[in-house]
There are 2 protein chains.
Amino acid sequence: MSFDRLIHKIVETQNPTVAGLDPKLEYIPNYILEKNFKEYGCNLRGASRAILEYNEALIDALCDIVPAVKPQCAYYEMFSYYGMKTLCKTIEYTKSKGMYVIIDGKRNDIGTTMEAYAVAHLGATKVLDDEMEAFGGDALTVNGYLGTDGIAPLIPYCNERDKGIFVLCKTSNKSSGELQDKLVDGKPVYRIMGDMCENWGKAAMGSLGYSAVGAVVGATYPEQLAELRSAMPHTFFLVPGYGAQGGGAKDVMGAFDAKGLGAIVNSSRGILCAWQKEGCDERDFAQAARREALRMKQDITQHFENGIHL
Amino acid sequence: MSFDRLIHKIVETQNPTVAGLDPKLEYIPNYILEKNFKEYGCNLRGASRAILEYNEALIDALCDIVPAVKPQCAYYEMFSYYGMKTLCKTIEYTKSKGMYVIIDGKRNDIGTTMEAYAVAHLGATKVLDDEMEAFGGDALTVNGYLGTDGIAPLIPYCNERDKGIFVLCKTSNKSSGELQDKLVDGKPVYRIMGDMCENWGKAAMGSLGYSAVGAVVGATYPEQLAELRSAMPHTFFLVPGYGAQGGGAKDVMGAFDAKGLGAIVNSSRGILCAWQKEGCDERDFAQAARREALRMKQDITQHFENGIHL
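Rules used in this analysis
- Residues numbered from 1 in each chain as written.
- Chains lettered and ligands numbered in written order.
- Predicted model: local features only at pLDDT ≥ 70, side-chain atom pairs only at ≥ 80, totals over all residues.
- Heavy atoms only, no water.
- UniProt positions renumbered as here; feature names shortened; annotations may be inferred.
- Helix = DSSP H or I, 4+ residues; strand = E, 2+ residues; numbered from the N terminus.
- Buried < 20%, exposed > 50% of the residue type's maximum accessible area, 1.4 Å probe, protein only.
- Contact = heavy atoms within 4.5 Å.
- Disulfide = S-S within 2.5 Å.
- Salt bridge = Lys/Arg side-chain N within 4 Å of Asp/Glu carboxyl O.
- Least-squares fit on C-alpha atoms with pLDDT ≥ 70 in both.
- Buried area = accessible area lost by both parts, 1.4 Å probe.
- Nonpolar A, V, L, I, M, F, W, Y, C, P; charged D, E, K, R; others polar.
- Pairing = 2+ DSSP bridges.

Named according to an unreviewed UniProt entry, chain A is Orotidine 5'-phosphate decarboxylase originating from Hydrogenoanaerobacterium saccharovorans. We quote the UniProt Pathway (unreviewed entry) comment for chain A here in full: "Pyrimidine metabolism; UMP biosynthesis via de novo pathway; UMP from orotate: step 2/2." The record in UniProt for chain A states the following under Catalytic activity (unreviewed entry): "orotidine 5'-phosphate + H(+) = UMP + CO2".

UniProt records the feature "active site" (unreviewed entry) for A:Lys106 in the present numbering. Along the polypeptide, A:Lys106 turns up in strand β3 (residues 100-107). The exposure class assigned to A:Lys106 is buried, which follows from its relative accessible area of 7%. In this structure A:Lys106 touches A:Gln72, A:Thr141, A:Val142, A:Asn143, A:Leu168, B:Lys106, B:Asn108 and B:Asp109, once residues within four positions along its chain are discounted.

Let's shift gears to unusual backbone geometry. Excluding glycine, most residues fall at negative phi; most peptide bonds, likewise, are trans. Here the phi dihedral of A:Leu128 falls at roughly 50°; this positive angle occurs in a residue that is not glycine. Examined against the element boundaries, A:Leu128 turns out to sit in the loop between β4 (125-127) and β5 (130-132). By relative accessible area, which is 55% here, A:Leu128 ends up exposed. Phi angles above zero are rare outside glycine, and B:Lys106 is one such case at about 45°.

Quick look at the state of the cysteines now. What the rule picks out here adds up to zero disulfides over all chains. Cysteine A:Cys42 is unpaired, with the sulfur of B:Cys88 as its nearest cysteine sulfur at 18 Å. Cysteine B:Cys169 remains unbridged, with the sulfur of B:Cys197 as its closest cysteine sulfur at 5.2 Å.

The next point concerns the pattern of salt bridges. Residues and elements named next belong to chain A. For the structure shown, the criterion picks out 40 salt bridges over all chains. One salt bridge connects lysine 89 with glutamate 92, and the closest N-O pair in it is separated by 4.0 Å. Pair noted here: lysine 89 and glutamate 92 are both in helix α5 (residues 80-96), with a separation of three residues, about one helical turn.

The subject of this paragraph is the relation of the copies chain B and chain A. Between the two copies, chain B and chain A, the superposition gives an RMSD of 0.0 Å; the rotation angle is 180° and the shift along the axis is 0.0 Å. What we have between these two chains is a two-fold relation. Taken as a fraction of all interface residues of chain B, those also at the interface in chain A reach 100%, which identifies the copy contact as same-surface.

Time to look at the interface of chain B and chain A. Taken together, the contact between chain B and chain A spans 70 residues of the former and 70 residues of the latter. Of the roughly 5,600 Å² buried between chain B and chain A on both sides combined, carbon and sulfur atoms contribute 62%. In this assembly, chain B and chain A are joined by four salt bridges. Note that B:Lys106 is salt-bridged to A:Asp109, the shortest N-O span being 2.7 Å. The leading source of residues in the side of chain B that touches chain A is helix α6 (residues 111-121) of chain B, at seven residues. Per-class residue counts for the side of chain B that touches chain A are 36 nonpolar, 19 polar and 15 charged.

Let us now look at the pairing of strand β7 (residues 164-170) of chain A. All names here are of chain A. Of all seven residues making up β7, seven are buried, and the element is well covered by its neighbours. Pairing analysis gives four bridges linking strand β6 (residues 139-142) to β7, with the strands arranged parallel. Bridge pairing links threonine 141 to phenylalanine 166 in β7. Of the strand pairs in this sheet, β7 and strand β10 (residues 213-217) are connected by five bridges, and their pairing is parallel. The residue bridging isoleucine 165 from the neighbouring strand is valine 213, located in β10.

Here it is in structure tokens:
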């Protein structure tokens, strides 16, 4: 249960990072677009097929060095159900390569509706007597604004199906403080959310010190990251904001515990657009992504004295 | 722009309610399930086709008396991309019948990712030189925990494409107070979110007194509903929690302004399961939904002295 599986993958690859799959059409090499537009039409379907081909090549290039991928639902939903099919097939392919899949959907609702999201992303849908996975992720990002009614329905899926969730706590964006930094009896809202995460996690503890209830804490707020690490000792962090958003390797150090565990740092654009930044041949895009992923791994782990260990 | 179009529909039907389309397989009459399982397979695809047939019959029975429908994404996502196709086709059908569509996705993210959600649900996706609607909703529910970075990307879609959003403010569930009632300098978090809504709405004012930035406020908290109505004079409310969750007609009165405007009250299970509650023939399910929708309209509008008017 919980993030034990993710932690083992991180130790195995010695890499505490996750590749964000936020595909925009402008990131995709022309030869892939042209081929798929020709075969499936220059429309939502053709675009979705191009994204799938692009994703699969990236996964092939990353699967032995990066422990996890994080597809961002928004970039698939914008291609309607064709895009959602690509999301589904991307997850299937990622899992076949042994990687851990964090679905970045920031879903939130209450009661039976939140349970429907749990079924959709972490569970299996019942049709008469059969159960079928709809998306089959390993973990899902969620928003805790609605309180326990929005989180409790996920816990059985963590415990019974070996899944995890990441609750938005202190997000990486500039205006995150408008609500999250507001003080409640001297304590910022993000700390209150953090306390709630620690509390929810009690019902889904793993064997490696971390619960199945993780938190999203941005690399762009290094002080709060360290503050939350010490206030939330059982909560695994998903850390966005490294790279394109301005967070550096030193900024994310506060997210890790003494073993180099406790957090996984995301990079999306940095990896996806590496071929454009390098200016290499577009057919070399997946290897450019691999080079960037290795650079990022080195950038972060150089600060660990003894690597990452259990 | 803004909710003017929704308001005109409400006045036209004299009905300030919205039918929530949260289809569960157990709500669907057997003859529809059997037919679609036989034709498309007893799987996610067959289930999704059954839901579409069920939804279309409900829309036919409601379209002249109810101004809007609110499909809840979770119940479609649980059937994977087949379910998302049903969501897409349901929206298309609803619009063809002249109804207003509120997509209940509670989406939230920042910057370009939030823009991708805006494109997906309220805008149109660009593929080379063509633009295609992915889901084509009229309004989308969103979560404002991330602050302005998560809401600002939606505003151009409100202004340029005549769309609206509803931001979670005080939700209907029991534990909503865990975060939303916490006091910041004596003011509850839901009021701070309310102030943010009023502020965001300034950039997207309609001609009937309400902006395109609405708020979700639960029927289960009548006092807060009235408090927020007076604190948020330009914010249209989407009110869940009537019926199955325990809110009654008197509880929602505080949501309305003196003209009977300013709010739309949702009922999902009450309408969808009316045929089961009535115990009528399953083939009469759509007319049972209509009877329940008319009962709900009467239940709420009986308290308006002069109907609903501009």
